[in-house]
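# Chain and residue survey
The lines below spell out each chain.
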Amino acid sequence: MAKKIRFSSLQIQIIQQTLVWLLITGLVVGCSAFIIETQSVLREANDIAHTRLGAVENAMALALYNFDNQQVTALFDIFEGDRLFRKLQIYDEHKMLWKETINGTQKPPSFFFKQLLPDTTITIPLHHQPPTFLNPVAPIYVGELRGEIDLYYLQQLITNTGYIIAGGMMFYGIITTLLFYQVLDTAIGKPLSTIVKQLRAMKNSQVKSINLGDARRPYDEISLLIEAHNNATSQIKDYIDTLSQKNRLLEHLSQSDPLTDLNNRRALIHHLSNREKHNQPFALIYLDIDAFGEFNNRYGLSYGDDLLCQVRDILISNLPENSFICRLSADDFVAIFEWQDKKEHLINAMSALNQNAPMGITFSIGVTMYPEDGTNANALLHSADIAMKRAKEAGNACVRTFSPHFERKMHNRISLMTALRHLIEHKDFQMHYQAKVDMETGEIIGCESLFRLSHSTHAAPHEILNEAERTELIIPLGEAIIEEVFKTWAPWKDSLPEGFRISINASPQQIATTDFLHTLQTLSRRYDFSLSFIDIEVVESAYILDRHNAGDMISRLRATEVMVSLDDFGTGFSSLEFLLKFGFDQIKIDRQFVMNLPHDEDSMTIINAIQYLSREFGVAVVAEGVENHAQEKVLLEKGFRIAQGFLYQKPLPFADFITLVSTNKPKVKITAVK
């Protein structure tokens, strides 16, 4: 607990200290003056005593010379009642006492007075000068006169005088102190009290100037103090005003977006927290501009800034009044407003935003309601973000609500992304191999490399590959897979059958890159493994956005020793067009057309069509998914010779597969078609 501070008036302190020093000084000066004055009085008394005794010296000497006792007594009577002398004595020349007179109270003086004048006895020798007419005669010693000063009497006189002086000094001191106090109170006390009162009045209010209101006051230190305070107050006011303006500006900048002047994320969180306290339903929408990055790249950043400002104006114009609108990030906006109607009506109302969008611009909008989709700021924003991503995945220009199922899907994507990055960085995967077999001879003429995970995870290999395709991480993953194949097979190149091909599935995104062939050639040199062993399998896919580069790369690959195959033929968007445009060395019949043989008429029709195309285009055919002899028989009858499937061998780790190749003994050796 804080110690209570006791107030002590400055004026009283000055008086107290002045009185203390005056008292000390007065005591020292008074005592010194008293001692000096006492000694002076005693010396003067001694001189007076000498004078009085000297006045009767000659008469006393004559009386003593003449042995006139009556005259001696008469002379002593002169000093009767004289309070200056305590005792008077006369002795003859033989030291015999003739006469003694005692006066006063006979009380002893104080030790102090004895110390001031310890010798209080006056002795006057008596000499008689006989009269002569001729030669002078020396004076005759006849005795001595002794007188003892009454110090007690003098002590009383000096003490009474000291009391009078001390009383006068005390009276003077009191009067002086009162006058001094009055002067201090007028010159210092009252002005300081006024200053203190005004300062206390400012304690809980704005800083103000001090004014004593006395125009006649001299220009002194207090005036300087007040002037300094008022100058400081004026400067403080100016500083506070400037600081307040800057604080308001900083507050605005800290809670607003500098481009659109809308609220920012910080203001949004604060607004949501305040709304939670009222616990009233409201709507929160999350709006994202579709393909905003492409507009920035195509038209420049200034166009993008103008577009963001247009979106701001659209939101202000089309949302309910008093809506809280925030620019959350680059092209993401959040709006909050009162909404008591159904969520379906809210979806319809927000769909109108796309109708008012600038030409060529669409919005993906997520719609949420409080507290239905979230009971706090973070939960509600998360739900709105999930709803917006759901709208974007639905094809842009859509409005969607929050869906727990879609949220789980997004979480699964995040898990897949994490696993994907880990296995790319640590190469935490392995390759299995499934044989390609000549159905007539049973010879293993090649194999397909299949991606497998090294450790068990919650995701399947195809989920990892699909996520890699979607996020464009398929390019570094594909390079890691190709390198793994080269590194694994290079030591066994001399023991492989003639014409043996290892198929590697290449992503359409990889094929569209300009350095794909360079990567293959670099790995071929690094591991001393010829490209004549490699078969690149390409799947037609919507992911091939740059078809020109993809076609150019396929042509460049076919110009080398690399074989290029079109995988899953018949299942793509336009397989025939793909085949005609790019050209391939080999096509693979998708397993879904093989597994229904021989009884499914549609599958037979497609097989017949593929038989015709392979003959017309001069490309080899590989049938995938052969699982029984009936399927094999149909394929042989159609003139197909190469197949792979569980009828021959399931995918095996490399060690098991290389053993299988080494022990494979065909009836008639054939070579795969190039």
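Higher on the page you've got the structure.
Residues numbered from 1 in each chain as written. Predicted model: local features only at pLDDT ≥ 70, side-chain atom pairs only at ≥ 80, totals over all residues. Heavy atoms only, no water.

To continue, consider the pattern of salt bridges. Counted according to the given criterion, the structure contains 22 salt bridges. The partner of R641 in a salt bridge is E440, with the nearest N and O atoms 3.5 Å apart. Placement of the pair is R641 in the loop between helix 21 (629–637) and strand 17 (642–644) and E440 in the loop between strand 10 (429–438) and strand 11 (444–453), with a sequence separation of 201 residues. By relative accessible area, R641 is classed as partly exposed at 34%. Of the charged contacts in the structure, one is a salt bridge between K487 and E484, with a shortest N-O distance of 3.8 Å. With K487 and E484 both in helix 14 (residues 474–489), this residue pair falls three residues apart, about one helical turn. Take K487: its relative accessible area is 42%, and that puts it in the partly exposed class. Bridged by salt links that share partners, the residues K436, E448, D535, E537, K588 and E624 form one connected network. (Salt bridge = Lys/Arg side-chain N within 4 Å of Asp/Glu carboxyl O. Helix = DSSP H or I, 4+ residues; strand = E, 2+ residues; numbered from the N terminus. Buried < 20%, exposed > 50% of the residue type's maximum accessible area, 1.4 Å probe, protein only.)

We now examine the sheet that holds strand 2 (residues 97–102). The strand order across the open sheet formed by four strands is 2-1-4-3, and the pairing between neighbours is antiparallel. The open sheet terminates on both sides in strands that have one partner only, identified here as strand 2 and strand 3 (121–128). Pairwise comparison of adjacent strand axes, ignoring direction, gives a mean angle of 15 degrees for this sheet. Sheet topology places strand 3 next to strand 4 (residues 140–149); eight bridges connect them, and they run antiparallel. In the sheet register, H127 faces strand 4, and the bridge partner there is Y141. Packed onto the sheet, helix 2 (residues 57–65) meets strand 1 (85–92), strand 2, strand 3 and strand 4 and runs at close to 60 degrees relative to strand 3. Relative to the sheet, helix 3 (residues 69–77) contacts strand 1, strand 2 and strand 4, its axis offset from that of strand 2 by approximately 20 degrees. (Pairing = 2+ DSSP bridges. Axes fitted to C-alpha atoms, helices over the stretch in contact; angles between N-to-C directions. Contact = heavy atoms within 4.5 Å.)

Attention now goes to the pairing of strand 15 (residues 586–589). On strand 15, burial covers both faces: Q586 and K588 on one face and I587 and I589 on the other are all buried. For strand 14 (residues 563–569) and strand 15, the ladder comprises three bridges, and the chain directions are parallel. In the strand pairing of strand 15, S565 is matched with Q586. Looking at chain direction, strand 15 and strand 16 (residues 620–624) are connected through four bridges and run parallel.

If you look at the biggest cluster of nonpolar residues, it comprises 76 residues, and the most contacted ones within it are W489, I511, I536 and F657. No other element matches the eight residues that helix 14 contributes to this core. Other than its neighbours up to four places away in sequence, W489 contacts Y433, C447, L496, F500, I502, F529, F654, F657 and I658. With 28 residues, the next largest nonpolar core counts L287, L308, L315 and L353 among its residues. (Core = buried A, V, L, I, M, F, W, Y, C linked by side-chain atoms within 4.5 Å.)

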